[in-house]
Amino acid sequence: MSEQLGSLSRTHTCGALRASDVGADVVLLGWAHKVRDLGALIFLDVRDRAGLTQVVVRDDEALLEQAKRVRGEFVVAVLGTVQLRSPDTVNAKLATGEIEVHAREVRVLNEAKTPPFPINEETAVSEEVRLKYRYLDLRRPRLQNAIGLRHRITMALRRYFDDEGFWEVETPILTKSTPEGARDFLVPSRVHPGEFYALPQSPQIFKQILMISGVDRYVQIARCFRDEDLRADRQLEFTQVDLEMAFATPDLVYTIVEGALAAAFREIGVEIPRPFRRMPYAEAMARYGTDKPDLRFGLEIQDVGPLFAASPFGIFREAVEHGGTVRGFVIPGAAGFSRKQVDDLVEQARQAGAAGLVWARHTAEGVQASAKAIGEDGIRQVLEATGTGQTDLLVLASGAAEATSKVLGQLRLAVAKKQNLVPEGAWELLWVTDFPLFDWNADERRWDSVNHPFTAPREEDIPFLESDPGRVLARAYDVILNGWELGGGSIRIHDRETQATVFRLLGLSDEEAKHRFGFFLEALEYGTPPHGGLALGLDRMCALLAGETSIREVMAFPKTTQAVDLMCDAPSTVDPRQLRELRLRPQA
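What to know about a nonpolar patch on the surface
On the surface, Y135, F557 and M567 cluster together into a nonpolar patch covering about 300 Å² of accessible area. Within the element layout of this structure, F557 appears in the loop between α14 (538–545) and α15 (576–581). Relative accessible area serves as the criterion here: at 49%, F557 is assigned to the partly exposed category.

Set out below in structure tokens:
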């Protein structure tokens with residue numbers, strides 16, 4: 001039977017008491033973490049989000065009987081006096097480990113069923129069970145620490161942006177559907193049957209309008225929604241730190257964002273060096289096979305195509321003759337790989353899209369390669385050119401330059417993980433810049449935006465917008481941390497003529513552009529300052545700083561990879577009356 005809290009009020013959290021509090025009368029409120037019943041002596045660990053305090057019940061028969069009622073996860077109130085533990089019972093692992101509370105009263109405020117998994121120990125639990133009972137999972141230290149860190153990072157960012165003169169402005173959640181690449185979540189209107197709102201994929205247009213409005217510096221901890229497949233770093237609804245500045249240059253954006261990330265890193269006790277490295281997109285693709293390179297380890301991709309222009313090995317020679325290349329990287333200490341280990345590398349490359357993989361190495365007898373047609377001289381030449389040492393293994397792939405780098409980029413990450421080449425506690429931040437403005441969509445025979453349609457072209461490339469769109473580079477930039485894209489942004493188009501030209505290149509007729517973006521195109525005509533910004537993924541940032549590999553571990557209520565909320569059982573059917581009110585018919 002539960003008791004009432006009455007007039008009791010917490011005096012201390014369960015992580016606050018120290019030796020300096022000895023003799024104090026205290027009230028602790030929390031959950032029973034662990035109970036050890038020794039008959040005439042009961043130890044009761046009481047837990048809240050701040051920590052754990054050991055409570056001792058002894059000498060009082062009625063109080064002992066009351067304490068014997070307590071089970072794990074019961075909600076309790078404890079009144080008692082702080083005492084020092086004996087030297088041989090001090091728990092150095094606990095912040096409160098020097099003291100204990102000698103109880104005078106224990107109240108059971110609420111009982112609890114036995115949880116489906118232990119709360120008081122970190123045991124392996126399936127993700128489905130954890131998400132179904134998320135309210136219990138959130139009591140466990142790992143998630144408590146992650147959610148607490150997320151709070152501290154968010155507050156640090158808010159303080160930083162306030163100091164830098166940014167205003168936090170809320171933008172609409174119910175807005176117009178203006179697809180930005182992913183599918184919109186649509187919301188039917190009851191008042192306007194047959195018409196729909198969309199949940200925002202980002203506040204992009206609104207933050208640009210705020211620059212037209214003279215807000216000058218805007219920031220928002222913004223909820224965003226994208227109906228796309230879920231992965232470790234993606235959810236249907238997510239949070240981004242959205243910012244925009246009038247009269248911005250890329251260097252100004254870099255400075256502001258680097259300061260914001262430095263403020264976030266201080267919450268884990270790390271001071272990051274600034275300014276960050278900068279790398280053009282083309283260089284990132286050539287050297288690392290990705291536009292979000294992980295720089296914590298080597299395995300840098302090298303281009304050795306010229307060495308095979310006249311090679312007796314036909315596959316490599318023909319790749320070079322047809323405008324492609326040969327690229328590869330050196331795996332240190334891997335010359336002794338077994339046949340199975342080498343075959344595994346070849347299979348991984350095939351799974352990544354390669355037609356095959358060639359390897360080469362030094363041996364006690366000389367040199368060796370999986371493609372003997374390269375010839376001994378050719379093998380020696382490529383091993384020397386790539387700096388492959390006596391104990392190293394060189395892997396090579398051929399084909400179109402970017403496609404070959406992408407394959408090797410995936411293989412590079414797999415090798416680094418398997419060979420434990422990623423140093424613990426290392427942080428590598430960089431800016432990737434100079435992205436292409438457009439990407440050719442061969443299926444639909446039109447250009448797509450690489451970033452989004454509001455991204456400005458480099459000033460020197462504007463004359464080629466209509467004559468040669470493929471050569472135009474964007475004033476866009478991504479900030480990368482340990483191989484994760486933390487955020488991306490750009491300097492925006494700020495004149496109607498250029499914006500209309502970009503819409504036409506993307507296959508939008510003037511009429512369609514007016515239907516989708518007419519209000520924005522008109523706003524551009526009323527004195528729009530040059531402006532730019534960026535959006536940081538708060539979920540990704542917090543996951544990385546918490547040492548997690550999935551953003552679900554720093555979100556209170558995430559969805560599964562099948563886009564299901566197991567706790568609330570959503571999505572679900574709705575009452576037919578609701579559908580009738582919205583003029584919608586249920587599907588058979």
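Examining the nonpolar core
Residues I153, L157, F161, L261, L486, L536 and M541 are the most contacted members of the largest nonpolar core, which totals 44 residues. Here this core takes 10 residues from helix α6 (residues 250–266), the largest share from any one element. Setting aside chain neighbours within four positions, we find I153 in contact with A264, E267, L538, M541, C542 and L545.

A look at helix α13 (residues 510–523)
Under the 1.5 Å per step criterion, the end-to-end length of α13 is only 16 Å for 14 residues, more than 12% shorter than the ideal 20 Å. Considered for burial, the residues of α13 that qualify are A513, F517, G518, F520, L521 and A523. Where α13 is buried, its residues contact α5 (204–212) and α12 (496–505).

Section: the packing of aromatic side chains
Under the criterion given, the structure shown has 17 aromatic pairs. The interplanar angle of 75 degrees and the centroid separation of 4.8 Å between the aromatic rings of F313 and F316 together place this pair among those described as edge-to-face. Grouping residues by exposure puts F313 and F316 together as buried. With a centroid separation of 6.2 Å and 85 degrees between ring planes, the pair formed by F454 and F503 is classed as edge-to-face. Residue F454 is found in the loop between β19 (446–449) and β20 (476–481), and its partner F503 is found in helix α12; the two are separated by 49 residues along the sequence. The exposure class assigned to F454 is buried, which follows from its relative accessible area of 1%. Note on F503: relative accessible area 1%, which makes it buried. Feature note: the residues Y254, F276, W431 and Y477 constitute an aromatic cluster, connected by ring pairs. In this structure, K132 packs its charged tip against the face of Y133, placed 5.7 Å from the ring centre. The side chain of R471 reaches across the aromatic face of F464, ending 3.7 Å from its centre.

Reading guide: rules and limits
- Residues numbered from 1 in each chain as written.
- Predicted model: local features only at pLDDT ≥ 70, side-chain atom pairs only at ≥ 80, totals over all residues.
- Heavy atoms only, no water.
- Patch = residues over 30% accessible without salt bridge, like charges linked within 9 Å, V, L, I, M, F, W, Y side chains within 5 Å.
- Areas by Shrake-Rupley, 256 points an atom, 1.4 Å probe, with all protein chains shown as cover.
- Salt bridge = Lys/Arg side-chain N within 4 Å of Asp/Glu carboxyl O.
- Helix = DSSP H or I, 4+ residues; strand = E, 2+ residues; numbered from the N terminus.
- Buried < 20%, exposed > 50% of the residue type's maximum accessible area, 1.4 Å probe, protein only.
- Core = buried A, V, L, I, M, F, W, Y, C linked by side-chain atoms within 4.5 Å.
- Contact = heavy atoms within 4.5 Å.
- Expected span 1.5 Å × (residues − 1).
- Phe/Tyr/Trp six-rings, centres within 6.5 Å; stacked < 30°, edge-to-face > 60°.
- Lys NZ or Arg CZ within 6 Å of the ring centre and 35° of its normal.

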